[in-house]
Amino acid sequence: MLCPWCDQEMAQGFLQSSRGVVFGPEKRESALWPPKEGEVKLTKRSWTLSAVPARHCARCKRVVVEHG
């Protein structure tokens, strides 16, 4: 996949966490589960190692996350 910002090839890998990963409009102060209204759950589990397919651009220092 080409980086949408600089058109360089992105490295394929995984965004990983020891807990669940969510995307939301505000920064959380705790890792309580389930996701709040307006948040997107990126991982299926909350208390085990989680991994989400992602791509990294070394030039832009950006990560694109794939979720489903």
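All of the points below concern the structure found in this document.

A word on the environment of C6. With respect to the element layout, C6 can be found in the segment before β1 (11–17). Judged by relative accessible area, C6 falls into the buried class, the value being 17%. For the pair C6 and C60, spaced 54 residues apart in sequence, the C-alpha separation works out to 7.2 Å. Apart from residues no more than four positions distant in its own chain, C6 is found in contact with C57, R59 and C60.

In this section: the state of the cysteines. Scanning all chains against the criterion turns up 0 disulfides. Of all cysteine sulfurs in the structure, the one in C57 sits closest to C3, which takes part in no disulfide; the separation is 3.8 Å. In this structure C60 is not part of a disulfide, and its nearest cysteine sulfur, from C6, lies 3.5 Å away.

Here the focus is the pattern of salt bridges. By the definition in use, this model includes 2 salt bridges. Of the charged contacts in the structure, one is a salt bridge between E39 and R28, with a shortest N-O distance of 2.7 Å. In this pair, E39 is assigned in the loop between β2 (22–23) and β3 (40–41) and R28 in the loop between β2 and β3, connecting sequence segments 11 residues apart. With respect to burial, E39 and R28 carry one shared label: buried. Among the salt bridges present, the one from E66 reaches R55, with a minimum N-O distance of 3.5 Å.

Once that is clear, we can look at the pairing of strand β5 (residues 62–65). Looking at chain direction, strand β4 (residues 50–57) and β5 are connected through 4 bridges and run antiparallel. By the bridge assignment for β5, A54 is matched with V65. Here β4 hands over to β5 after 4 residues, with K61 in that stretch at a positive phi of 60 degrees.

Rules of the game
Residues numbered from 1 in each chain as written. Predicted model: local features only at pLDDT ≥ 70, side-chain atom pairs only at ≥ 80, totals over all residues. Heavy atoms only, no water. Helix = DSSP H or I, 4+ residues; strand = E, 2+ residues; numbered from the N terminus. Buried < 20%, exposed > 50% of the residue type's maximum accessible area, 1.4 Å probe, protein only. Contact = heavy atoms within 4.5 Å. Disulfide = S-S within 2.5 Å. Salt bridge = Lys/Arg side-chain N within 4 Å of Asp/Glu carboxyl O. Pairing = 2+ DSSP bridges.

Purely geometric stuff here, so don't read any function into it on its own.
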